[in-house]
Amino acid sequence: MLSVPLLKKLITTAIIISFFASFLNQMGILQYPLGASSGTVWNIGVIIWLVFTILAIRLVLMIPEK
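Along each chain, residues carry numbers from 1 onward, in the same order as the chain's sequence is written. The predicted origin of the model limits local features to residues at a pLDDT of at least 70 and limits the giving and counting of side-chain atom pairs to 80 or more, whereas totals for whole chains, interfaces and linings rest on all residues. With hydrogens and water set aside, each side-chain value is computed from the structure's full complement of heavy atoms.

Considering the overall build of the protein chain
Put simply, DSSP marks the helices as runs of H or I at least four residues long and the strands as runs of E at least two long, and each gets a number from the N terminus on. Looking only at helices and strands, the protein chain features 2 helices and 2 strands. Along the protein chain, helices (α) and strands (β) appear in the sequence α-β-β-α when read from the amino end. Against the compact-globule benchmark of 11 Å for 66 residues, the protein chain has a radius of gyration of 16 Å, which places it well outside the compact range. Along the longest, intermediate and shortest principal axes, the C-alpha atoms of the protein chain span 55 × 15 × 15 Å. Computation of the radius of gyration draws on C-alpha atoms, with the globule rule given as 2.2 Å multiplied by the number of residues to the power 0.38.

Details of the environment of Ile48
Within the element layout of this structure, Ile48 appears in helix 2 (residues 44-62). On the basis of relative accessible area, Ile48 is assigned to the partly exposed category, the value being 28%. With 31 residues separating them along the chain, Ile48 and Ile17 place their C-alpha atoms 8.2 Å apart. Setting aside anything within four residues of it in sequence, one finds Ile48 in contact with Ile17, Ala21 and Leu30. Throughout this description, buried means an accessible area under 20% of the type-specific maximum (1.4 Å probe, protein chains only), exposed means over 50%, and partly exposed covers the range between. The contact rule is simple, with two residues in contact once any of their heavy atoms fall within 4.5 Å.

Re the packing of aromatic side chains
Pairing of aromatic rings covers Phe, Tyr and Trp, the last through its six-membered ring, and needs centres within 6.5 Å; plane angles under 30 degrees mean stacked, over 60 mean edge-to-face, and all others mean tilted. Under the defined criterion, the tally for this structure stands at 2 aromatic pairs. Ring plane angle 15° and centroid distance 6.4 Å describe the contact between Phe19 and Phe23, whose orientation is recorded as stacked. Separated by 4 residues within a single helix, Phe19 and Phe23 lie in helix 1 (residues 4-27), roughly one turn from each other. Given the relative accessible area of 38%, Phe23 is considered partly exposed. A network of ring pairs unites the aromatic residues Phe19, Phe20 and Phe23 as a single cluster.

Here's the deal with helix 2
What a helix should span is 1.5 Å times the count of its residues minus one. End to end, helix 2 covers 27 Å across 19 residues, agreeing with the expected 27 Å (1.5 Å per residue, within 8%). Considered for burial, the residues of helix 2 that qualify are Gly45, Ala56 and Leu59. Taken down its axis, helix 2 places every buried residue within 65° of arc, on the same side. Turned more than 90 degrees away from the buried face of helix 2, the exposed residues are Val51, Arg58 and Leu61. Against the buried residues of helix 2 lie helix 1 and strand 2 (41-43). This arc describes the spread of directions from the helix axis toward the C-beta atoms.

In structure tokens, the structure reads:
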């Protein structure tokens, strides 16, 4: 089991990374066009946001209750 201060730091880091991924995706920096003719765009920022949001939720659930 991880210590509570370490869990809090991991949760904070995951939330900050998910915020920046969402912000950069809205700016258009983390969007990767697959092909100009197909019009398909990978929203990498959304994928990173989703992964780190789920990670933050899982870390919150690991905090022991007193």
